[in-house]
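Here are the chains, one letter per residue:
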Amino acid sequence: VPAHEVRLDEVLVDPGERLFYTYDFGDDWTHTVRLEAVVPREAGASRARCTGGRRDGPPEDCGGMYGFELVAAACDPAHPDHHEAITEHAELYGDEVDPTDRPPVPFEVDEVNSRLDDLGFAGPSAGAAPTGSAEVPPGALGDLLGSVTTAPVRRRLRALVAAARLDEAATVDADVAAQMARPFAVLLTRVGDQGVALTKAGYLPPTLVKALFDELDLAEEWIGAATREEHTVPVLHLRETAQLIGLLRKHRGRLVLTAKGRTLRGDPAGLWWYLAERMPPRTRDEAQRLASLVTLLAVAAEADEEQHHGLVADVLADLGWRHADRTPLSAGTAAHLAWDTTAVLRRLGGLTDRRAPGRASPTPRGVAFARAALQTWPAGAG
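Residues numbered from 1 in each chain as written. Predicted model: local features only at pLDDT ≥ 70, side-chain atom pairs only at ≥ 80, totals over all residues. Heavy atoms only, no water.

**Student:** Any chance you could explain the overall build of the chain here in plain terms?
**Tutor:** Assigned secondary structure in the chain consists of 16 helices and five strands. For the chain, the spread of C-alpha atoms along the principal axes amounts to about 80 × 55 × 35 Å. Per-residue burial over the chain gives 39% buried out of 382 residues. Across the chain, the fraction of contacts at a sequence separation of at least 24, relative to all contacts at a separation of at least 6, is 62%. For the chain, the exposed area adds up to about 20,700 Å²; of that, 53% sits on carbon and sulfur atoms. Side-chain charges in the chain split into 41 positive and 56 negative, and the spacing between the mean points of these groups amounts to 11 Å. (Helix = DSSP H or I, 4+ residues; strand = E, 2+ residues; numbered from the N terminus. Buried < 20%, exposed > 50% of the residue type's maximum accessible area, 1.4 Å probe, protein only. Contact = heavy atoms within 4.5 Å. Areas by Shrake-Rupley, 256 points an atom, 1.4 Å probe, with all protein chains shown as cover. Lys, Arg positive; Asp, Glu negative; His and termini not counted. Charge placed at Lys NZ, Arg CZ, Asp CG, Glu CD.)

Written as structure tokens, this is what we have:
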């Protein structure tokens, strides 16, 4: 019988009865749950509470009991096997992997109960909604908050949701929309009704690359001759993004406007909204979609770029994403996963300084764009 269809009190009825629960097939953490007593619950009392415990908690994917003991010894200089554990850890995972980057978590009863509260066990009603759920919008952000398991990460996400004011309708002034969408409008105008012949390798011709580079004033952020598109990343990303979101397409060796591109070329406000609705640029990579979602939330809440890269890494780590060597994702990896979205924000003037990747802050224009992107995020997208 699927576990989610069975209540705990249907399985454990009489004191002394036990059930067994295995977490993470592979590491095989086997839990024994024993019913000690059946007593009335006081009115208003929490439905679940931790009353005590001991020992630190193991980090995710540490290799079961043996891996836990190894990491615990390697992280504790006072442990009698500390030096041997460090040596063995290096042999297993490599010298570059520091065991203290993922140490055991000290047991704190208040932290456990805080997490239970976040999961919705604080109220007296079995149907009570999780704490703070009224502030969580439906859709992808609600799904994300429901999937995150770590209380500190969930609290940070909820704080950003509150700061982002997603219950307020996103608006944009026509002049601001025109200024922000200008790079894409310029590209669409340059391609024109007749389209542009691409090079044999499928890139924009050098004359057009140079014209776009000069017209969009890209010299401050990119050094080089700016004639070959594959060597001029700002132009390359602009053109590829326009293709991914359906404004341009390649046809028989030419780059041509799509029907949507022809319609929006002279409609700055419509183009601005279309860009917001298409964030992130189309991708099948789930990690990239999640990274974009968290990035847009952080920008809407006016968090700086360094902060939201760290949060993206923490959220993805909480959801189980790892590097191939099973180490948690770094802020640098998170920045890479969200790069397409942050590059569009930079191109639209949504971040303060295009020349300072990783250190920029959202502009008011970027906040409005991110809010619009979140409010139009496709249903069911995560």
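On we go from here.
**Student:** When you look at the environment of Val148 in this model, what are you seeing that I'm missing?
**Tutor:** Here Val148 lies in the loop between helix H5 (140-147) and helix H6 (151-164). Overall, Val148 belongs to the buried group, its relative accessible area being 1%. For the pair Val148 and Gly320, spaced 172 residues apart in sequence, the C-alpha separation works out to 9.8 Å. With sequence-adjacent residues up to four places away left out, Val148 is seen in contact with Val153, Arg154, Leu157, Val315, Asp318 and Leu319.

**Student:** How do you make sense of helix H11 (residues 268-277) when you look at a structure like this?
**Tutor:** Residues spaced three or four apart along an α-helix point in a common direction, a consequence of the helix completing one turn every 3.6 residues. Restricting attention to buried positions, one finds in H11 the residues Leu271, Trp272, Tyr274, Leu275 and Ala276. Along its buried surface, H11 packs onto helix H7 (174-191), helix H10 (259-264) and helix H16 (364-375).

**Student:** Would you mind showing me how to read the pattern of salt bridges here?
**Tutor:** Opposite charge on two side chains lets them pair, provided their charged atoms get close. Under the criterion given, the structure shown has 15 salt bridges. Taking the shortest distance from any N to any O, the salt bridge between Arg156 and Asp314 comes out at 2.7 Å. Placement of Arg156 in helix H6 and of Asp314 in helix H13 (residues 305-318) is noted, with a sequence separation of 158 residues between them. Taking relative accessible area as the criterion, Asp314 reaches 32% and is therefore assigned partly exposed. (Salt bridge = Lys/Arg side-chain N within 4 Å of Asp/Glu carboxyl O.)

**Student:** Explain the sheet that holds strand E4 (residues 248-251) here, please?
**Tutor:** The strands making up a sheet are joined through hydrogen bonds of the backbone, oriented either antiparallel or parallel. In space, the three strands of this open sheet follow the order E3-E5-E4, with antiparallel pairing throughout. Single-partner strands in this sheet number two, and they are strand E3 (196-197) and E4. In this sheet, strand E5 (residues 254-257) lies alongside E3 in antiparallel orientation, the contact comprising two bridges. Each residue of the ladder has a partner; that of Ala197, found in E5, is Arg254. H7 rests against E3, E4 and E5 of the sheet, and its axis sits at about 115° to E5. (Pairing = 2+ DSSP bridges. Axes fitted to C-alpha atoms, helices over the stretch in contact; angles between N-to-C directions.)

**Student:** I tried to follow the nonpolar core on my own but got confused; where do I start?
**Tutor:** Nonpolar side chains in soluble globular proteins tend to be buried together. Leu157, Leu247, Leu297 and Phe369 are the most contacted members of the largest nonpolar core, which has 78 residues in total. The element that contributes the greatest number of residues to this core is helix H12 (residues 286-300), accounting for ten residues. Other than its neighbours up to four places away in sequence, Phe369 contacts Met180, Trp272, Leu275, Ala276, Met279, Leu345 and Leu348. (Core = buried A, V, L, I, M, F, W, Y, C linked by side-chain atoms within 4.5 Å.)

**Student:** Any chance you could explain the environment of Arg18 here in plain terms?
**Tutor:** Within the secondary structure, Arg18 is located in strand E1 (residues 18-23). Between the C-alpha atoms of Arg18 and Val33, which are 15 residues apart in sequence, the distance is 5.5 Å. Setting aside anything within four residues of it in sequence, one finds Arg18 in contact with Leu12, Thr32, Val33 and Arg34.

**Student:** Explain the packing of H12 against helix H15 (residues 339-347) here, please?
**Tutor:** Any two packed helices are characterised by the angle at which their axes cross and by the distance between the axes. Direction vectors running N to C along H12 and H15 enclose 35°, while the axes themselves pass 9 Å from each other. Across the interface between the two elements, Ser292, Thr295, Leu296 and Val299 of H12 pack against Thr341, Thr342 and Leu345 of H15. Classifying every residue of the contact of H12 with H15 gives three nonpolar, four polar and no charged. (Nonpolar A, V, L, I, M, F, W, Y, C, P; charged D, E, K, R; others polar.)

**Student:** Got a minute to help me understand H6 in this structure?
**Tutor:** The end-to-end C-alpha distance of H6, which contains 14 residues, comes to 20 Å, matching closely the 20 Å that a straight helix rising 1.5 Å per residue would cover. The complete set of buried residues in H6 reads Ala151, Val153, Arg154, Leu157, Arg158, Leu160, Val161 and Ala164. Buried residues belonging to H6 abut helix H4 (109-118), H5, H12, H13 and H16. Positive phi shows up at Arg165, right after H6, with a value of about 50°. (Expected span 1.5 Å × (residues − 1).)

**Student:** Even after reading the chapter, I still don't get the pairing of strand E2 (residues 29-34), so can you show me in this structure?
**Tutor:** In summary, the side chains of a regular strand alternate between the two faces of the sheet. Sheet topology note: the E1/E2 ladder contains six bridges and is antiparallel. Paired with Thr22 across the strands is Thr30, a residue of E2. Between E1 and E2, which pair antiparallel one after the other, the connecting turn spans five residues, and Asp24 there sits at a positive phi close to 65°.

**Student:** What's the story with the packing of aromatic side chains in this structure? I'm lost.
**Tutor:** Pairs of aromatic rings are described using the distance from one ring centre to the other and the angle between the two planes. A complete count under the given rule lists three aromatic pairs for this structure. Each member of the aromatic cluster is reached from another via a ring pair, and the members are Trp272, Trp273 and Phe369. (Phe/Tyr/Trp six-rings, centres within 6.5 Å; stacked < 30°, edge-to-face > 60°.)

**Student:** Help me out: how do you make sense of unusual backbone geometry in this one?
**Tutor:** Leaving glycine out, the prevailing phi sign among residues is negative, and the prevailing peptide bond configuration is trans. Here the amide bond leading from Met279 into Pro280 is cis, since omega sits at -5°, within 30 degrees of zero. The residue Pro280 is located in the loop between H11 and H12 in this model. Even without glycine at this site, Asp217 takes up a positive phi of about 55°. Summarising the element assignment, Asp217 is placed in the loop between helix H8 (206-215) and helix H9 (233-244). Take Asp217: its relative accessible area is 45%, and that puts it in the partly exposed class.

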